[in-house]
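A look at the structure
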Amino acid sequence: MSATEQELKDFRGQVSAWMKDNQPADPGFLLPQTFMEVGDERQLEFLREWQHKVWSAGYLGMAWPKEYGGGGVERVYQAIADQEMRRHAVPICFNVIGLGWAGPLIIDIGTEAEKARYLQRILSAEDIWCQGFSEPDHGSDLGNAQTRAVRDGDEYVLNGQKIWTTMGNFAQYMILLARTNPDAARKYDGLSYFLSPMDVPGIETRPIRKITGEYGFTETFFTDARIPADCLMGEEGQGWKIAMQTLQYERGAEAGAAGGLMMVRVTIDDMIEELHDVMRDGEPVLKDPVMRDQLVRMIMEEKAIALGDRRAHIAPLTSDYPGSLPLSHKLRTTEMTRRMRQFAINLQGAAGGLYVGDDEARQGGFWQRAYFNSFSATIGGGTSQVQANIVAEHILGLPK
Amino acid sequence: MSVIGNTALKFSEEQAMLLDVAREFCRDKSPISKVRAQLETDTGFDAALWDEMVALGWAGIALPESCGGSGMGVATVVPVVEAMGRAMLGTPLISTTLAAQFLLRAGGENRFEGVLAEIASGTTAALAQLENADWGDTSIACSITADGVLQGRKKFVADAEVARLFAVLVNHEGAPALAIVRAEQLPAGAITPNTLIDQTKRSASVDFTGVPVTAENLVTGEAVAEALRDVRLLGALLTAAEATGSAASCLDTVVDYLKTRKQFGKLIGSYQALKHPTVDILSAVDSGRSFIYHAATLVGDGPLDRDAEIACRMAKAHATETLLYAGDRAVQFHGGMGFTYECDAQLYIRRAQWSQQQFGDAQHHRKRLAALLLD
């Protein structure tokens, strides 16, 4: 039976009150805006505690099955909880690979044993999950992954290297794409998918220092690392198919995610709000005709994307190039975000040259760091250039 | 409240049907060969084709039923004009629609019932407003004397030579007023045609000096200024819709060429230097369509509100810059062919310059958007 409007309204009030009462105090250090920015133990512990609290209160994994730690209610409740988390600007639920990708995948195609073993601990943040897809030599070319998994009795032996492993140094588990058959006729058919433990001899992580100066990713090395054979998900050779299914969750196409605020969205309103008092030529920056023109362009760009999301659902207005709006969405939003954040530094005058750590940096260097971090989205998940190729080839039909 | 503001976007069944019919009509009746055949004619369009459009009811879709229109509102003109833009079909539909809207909005539904009924049944009309090249100039020199005689000249009057009716913006005792003038009233030699960069379009200077206007053909009062502001915004929207259609077919032209032309042994569409800007055109056209139908969602028969004004200005600022970019790249990507008159890229790059300058260019609108959004 569907929830009534009154029930949903009451629920919203209840979440809102809870968020207000439980909103953590400012910890005195910059909190990550996305899960890719968890750089040290104190950030990790802070976020782990917060996620556990949100889940304990019943506001995370609300649509996941009850027997695995979920709430067993309609998705609409989680959507409301997420909106309230965003509205109250609480910290993120950081176990994103678990909540958003591995969890929904396990619910959809996992065995009973896998569900029982993993799902609740994802929600409670007892198990942090990471993802082992990208390799140093195969950034955007996922199908060419070369990390080897060789069956030996009731174990697989792993050798190779992954890179850009978000929270690799903190994670208990990894969703791993590895090659079980190097001789397969098609490179895709040689891949298999594993739910691999990280605390295994032979798996080592090395933190990567990012452009921001902080940590957040690791390189992950596999040297004769042995994992139980039942870590294989599905069957050998199904790795590519399962990886593609995982990416569907990443792109938000499937509705299986546990929910929770996954990233702090920084909007153009935030930029205007925070920087309106900057002076330029002795006047507020928002009075400067050149800066005004730039801002209007950015507002239009953001509005066009919001309108495009609407138009995408109106079939007669998408008949020219069906699929163009959704397929170019990642390209457009991430590029827009990058430019907007760069402009936010530009707006600051001489203070734009300050950085995290300087007492006089505006908002503690928030925009400077945010700009650098925005590249994780224009590069990760397929670079903008690869995205443009995909749109050109799949939507416009241009040759490879 | 967010600066992003209103993001309503609705598209009715009627609009969808109209878009479908208009696209098919324009595709069948106005292939590029027909467009080219009109480039150097006096009127710039095929009179028989205009009659067919009138028969389909397009001259009156935005007009009230009491005036012989179909009462569907100006929003329904948007899909028709987009389709015309796609086919590069030059007709007096935009001019006629805007002149009618000026009459309707300044004078009210009843006052000009007869004239509007004429327009709905195919009488072409033009909007005579500018006196110089500055869209931001609010002064009006063209005046009406105490005994009701016009004095002055209007410039850049689109479709002036074929218009049977003129909606003329005049200065009446220091305030804007609307005078209705019949083509027959103009003295010989009053119209001086322009040579336009876009050969699918026509415009002229019109000297109204000496034309008498009776009291019933003169609208004064505050409603005129508001109507003028709204008609200019609607002009911006319709120009944006047309430009968006043109940019979409410009994109198709580029894509076709990139899929067939070979250089260095490869289809040129495989080169990323051409591929990626083409994707940029696609994205810009996508945004253009979102903007024009968003604006169409917000403009009604009544005075335009703040959200509608923002939407029309954004649509114009975005759409014509999109066409400028698409046309410019279309010429470049066609290589040596692109430099020739024979290549269709010229049609788009010419249309782009024309569209940018109708009802205020992108900078004009962004300047006003800044005031609306940031002050």
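Criteria and thresholds
Residues numbered from 1 in each chain as written. Chains lettered and ligands numbered in written order. Predicted model: local features only at pLDDT ≥ 70, side-chain atom pairs only at ≥ 80, totals over all residues. Contact = placed C-beta atoms within 7 Å. Helix = DSSP H or I, 4+ residues; strand = E, 2+ residues; numbered from the N terminus. Nonpolar A, V, L, I, M, F, W, Y, C, P; charged D, E, K, R; others polar. Core = buried A, V, L, I, M, F, W, Y, C linked by C-beta atoms within 7 Å. Buried ≥ 20, exposed ≤ 12 C-beta atoms within 10 Å, placed from the backbone. pLDDT = per-residue confidence, 0-100. Pairing = 2+ DSSP bridges. Expected span 1.5 Å × (residues − 1). Bend = angle between axes of the 7 residues up to and from the residue. Axes fitted to C-alpha atoms, helices over the stretch in contact; angles between N-to-C directions. Parallel < 35°, antiparallel > 145°, perpendicular 65-115°, else oblique. Left-handed = near helix turned anticlockwise from the far one by under 90°.

Looking at the interface of chain B and chain A
Each partner contributes residues to the interface: chain B has 37 residues there, and chain A has 37 residues. Looking at which element gives the most residues to the side of chain B that touches chain A, the answer is helix α8 (residues 272-298) of chain B, with 14 residues. Taken together, the residues that form the side of chain B that touches chain A break down as 20 nonpolar, 12 polar and 5 charged.

Section: the nonpolar core
In this structure, L103, A167, L237, I292, A295, V299 and A315 of chain B are the most contacted members of the largest nonpolar core, which totals 160 residues. With 20 residues, helix α7 (residues 222-260) of chain B is the largest single contributor of residues to this core. Contacts of V299 of chain B, omitting those with residues within four sequence positions, involve V74, A75, L234, L237, L304, A308 and C312 of chain B. If you look at the next biggest cluster of nonpolar residues, it comprises 72 residues, including L60, M85, I122 and Y193 of chain A.

A look at the confidence of the model for chain B
Parts of the model with low pLDDT should not have their predicted coordinates read in detail. Of the residues in chain B, 100% reach a pLDDT of 70 or more, and the chain-wide mean stands at 96. For this predicted complex, the interface confidence reaches an ipTM of 0.96, while the overall pTM sits at 0.89.

Focus on the pairing of strand β2 (residues 148-152) of chain A
All names here are of chain A. Direction of pairing for β2 relative to strand β3 (residues 155-166): antiparallel, over a ladder of 5 bridges. Along β3, the bridge assignment pairs R151 with Y156. Where β2 hands over to β3, the hairpin turn is made up of 2 residues, of which G153 adopts a positive phi near 65°.

Examining helix α9 (residues 324-346) of chain A
Counted at 1.5 Å a residue, the expected span for α9 of chain A with its 23 residues is 33 Å, and the 32 Å between its end C-alpha atoms agrees. Considering bend angle alone, the principal kink of α9 of chain A is centred on K330 of chain A and spans about 35°. Taken together, the buried positions of α9 of chain A are S324, L325, S328, K330, L331, R332, T334, T337, M340, R341 and A344 of chain A. For α9 of chain A, the secondary structure elements touched by its buried residues are α7 (268-275), α8 (289-311), α10 (366-379) and α11 (384-394) of chain A together with α8 of chain B.

Brief notes about the packing of α11 of chain A against α8 of chain B
Their axes nearest at 9 Å, the elements α11 of chain A and α8 of chain B cross at an angle of 75°. With respect to α8 of chain B, the axis of α11 of chain A lies roughly perpendicular. Residues A388, N389, V391 and A392 of chain A of α11 of chain A touch α8 of chain B, and the partners they reach there are Q272, K275, H276, T278, V279 and L282 of chain B. For the contact of α11 of chain A with α8 of chain B, the residue count by class is 5 nonpolar, 4 polar and 1 charged.

Considering the packing of helix α4 (residues 77-86) of chain B against α7 of chain B
Residues and elements named next belong to chain B. Where α4 contacts α7, the two axes come as close as 6 Å, and the packing angle between them is 40°. Considering their axes alone, α4 and α7 lie oblique with respect to each other. Like other packed secondary-structure pairs, α4 and α7 cross with a definite hand, here right-handed. Between α4 and α7, the contacting residues are V77, V78, V81, E82, A83, M84, G85 and R86 on the first element and L237, L238, A241, E242, A243, T244, G245, S246, A248 and S249 on the second.

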